[in-house]
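# Understanding the architecture of this molecule
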Amino acid sequence: MVRAIRFHETGGPEVLRYEDLPVRSPGPGEVRIRVDAVGLNRAEVNFRRGTYLETPRLPAGLGTEAAGEVLEVGPDVERWAPGDAVSVVPAFSQNDYPVYAEEAVVPAAALVGRPDGMDAVTGAAIWMPYVTVYGMVAEIVRVRPGDHVVITSAANSVGVAALQVVRHLGAIPVATIPSPAQRDAVLAAGAESVVVTSETEDLAAALRAATGGRGAALVLDADGGPAVADLVRACAPDATVIVHGGLSGEPTPLPAAGYAPVWLRRYRVFEITGDPEALRRAEHFVRSGLATGAFTPLVDRVFAFDDVVAAHEYVDSPDRAPGKPVLRIR
């Protein structure tokens, strides 16, 4: 039996509870891992609330991003062996393979090897943000040196990774943040300029000014909602707007007429993590950036396993610091 976190009804953080559960042996294409740390994401908050893209099957577990050690491999698993230090990338449903637990069974295809010397907390924090950004700037579009790239909600974990990746590719990152308190942090993370949305009456005009009047070549939008229309108006002709999140909590309508011709696209990291060849390319890209020092994972706060309620409250807080919160299991 191992301790795991589940919820039997949707709602606030108070619905989370600790339970002792059996862990089955891995089946074909699966591995059983000891979970040392879990990366925390807004997706788990929305899943717990019942507002995520999929409905939880109650009682439900949580989590798709973790780091630990392989304990047992199932039939037909060749790359991994007991004792391997690994990270788990989001490539499956939380209903099927939750990782908020002391041990978990996950698909072998969702594992990447942890670089030598990397601790579990960092290993739980790096892959989702950087793989998410890789997919947008290398698989969907190719970012060119000198392009202005707008990154919304740039203080969250994907935003910080995007700032670093865009800089690494020679492009010019323009950050948006909701609060001026985050300005120094996103500038330190690599933003060329910063637009504070709470201080801006005309977001499109502010972003156009930040791009020297050229307009953005690419927008990586974590927010969605009505502000997408402003982001489109901030673009140069033939730009691309990729909506990869829904932090606004509001519907994302198609913008009305009267804007430059742009490509508007929805994106989820599963497009990369669910494609073995794309994930292989992403893994090499991230490892290269880590090895050269171009990518520096930013861990925000580390919560103890017993503090999952406080951790979920923090993940959903507007006062979060930049970077990735992590739940330390052991």
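Residues numbered from 1 in each chain as written. Predicted model: local features only at pLDDT ≥ 70, side-chain atom pairs only at ≥ 80, totals over all residues. Heavy atoms only, no water.

Turning our attention to the nonpolar core. Core analysis: the biggest nonpolar cluster contains 84 residues, and Val106, Leu220 and Leu327 have the highest contact counts within it. Of all the elements, helix 3 (residues 127-140) adds the most residues to this core, at nine residues. Excluding residues that lie within four positions of it along the chain, valine 106 makes contacts with Glu30, Val31, Val88, Phe92, Tyr97, Val99 and Leu111. Among the nonpolar cores identified, the runner-up in size contains 16 residues, and Val174, Leu231, Val241 and Val262 belong to it. (Core = buried A, V, L, I, M, F, W, Y, C linked by side-chain atoms within 4.5 Å. Buried < 20%, exposed > 50% of the residue type's maximum accessible area, 1.4 Å probe, protein only. Helix = DSSP H or I, 4+ residues; strand = E, 2+ residues; numbered from the N terminus. Contact = heavy atoms within 4.5 Å.)

Quick look at the environment of alanine 217 now. Mapped onto the elements of the fold, alanine 217 is located in strand 11 (residues 216-221). Judged by its relative accessible area of 22%, alanine 217 is partly exposed. Sequence-distant contacts of alanine 217, that is, excluding residues within four places in its chain, are made with Arg144, Asp147, His148, Ala239 and Thr240.

To describe a pair of aromatic rings, one takes the distance between the centres and the angle between the planes. All told, the structure shown has eight aromatic pairs when counted by the stated rule. Between phenylalanine 303 and tyrosine 314, the ring centres sit 5.7 Å apart and the planes meet at 50 degrees, which makes this aromatic pair tilted. One end of the pair, phenylalanine 303, is in strand 14 (residues 299-304); the other, tyrosine 314, is in helix 10 (residues 308-315), and eleven residues separate them in sequence. Per residue, the accessibility class of phenylalanine 303 equals that of tyrosine 314, and both read buried. A connected cluster of aromatic rings, assembled from ring pairs, spans Tyr130, Tyr134, Phe285 and Phe295. The ring centre of tyrosine 314 lies 4.7 Å from the NZ or CZ of arginine 301, which sits over that ring. (Phe/Tyr/Trp six-rings, centres within 6.5 Å; stacked < 30°, edge-to-face > 60°. Lys NZ or Arg CZ within 6 Å of the ring centre and 35° of its normal.)

By the secondary structure assignment, glutamate 65 is in the loop between helix 1 (42-49) and strand 4 (66-73). Accessibility expressed as a relative area gives 1% for glutamate 65, which makes it buried. At 2.9 Å, the side chain of glutamate 65 forms a polar contact with the side chain of asparagine 41. (Polar contact = N/O pair within 3.5 Å; in protein donor to acceptor, adjacent residues only side chain to side chain.)

Quick look at the pattern of salt bridges now. Evaluated as defined, the whole model comprises 21 salt bridges. The shortest N-O distance in the salt bridge between aspartate 96 and arginine 57 comes to 2.8 Å. One end of the pair, aspartate 96, is in the loop between strand 5 (85-88) and strand 6 (103-107); the other, arginine 57, is in the loop between helix 1 and strand 4, and 39 residues separate them in sequence. Notably, a salt bridge pairs arginine 280 with glutamate 277, separated by 3.0 Å at the nearest N-O pair. Of the two residues, arginine 280 and glutamate 277 both sit in helix 9 (residues 276-292), three residues apart, roughly one turn of that helix. Overall, glutamate 277 belongs to the partly exposed group, its relative accessible area being 42%. Sharing partners across several salt bridges, the network here consists of Arg34, Asp36, Glu69 and Arg330. (Salt bridge = Lys/Arg side-chain N within 4 Å of Asp/Glu carboxyl O.)

A few words now on helix 1. For helix 1, the full list of buried residues reads Glu44, Val45, Asn46, Phe47 and Arg48. Buried positions along helix 1 lie against strand 1 (2-7), strand 2 (16-21), strand 3 (30-39) and helix 10. Count one or two residues on from helix 1 and you reach glycine 50, which has phi positive near 85 degrees.

Turning next to the sheet that holds strand 8 (residues 148-151). Sheet architecture is open: six strands sit in the order 10-9-8-11-12-13, paired in parallel fashion. The open sheet terminates on both sides in strands that have one partner only, identified here as strand 10 (193-196) and strand 13 (263-266). Strand-to-strand twist in this sheet, taken as the mean axis angle between neighbours without regard to direction, amounts to 15 degrees. In this structure, strand 8 lies alongside strand 9 (residues 172-177), joined through four bridges in parallel fashion. (Pairing = 2+ DSSP bridges. Axes fitted to C-alpha atoms, helices over the stretch in contact; angles between N-to-C directions.)

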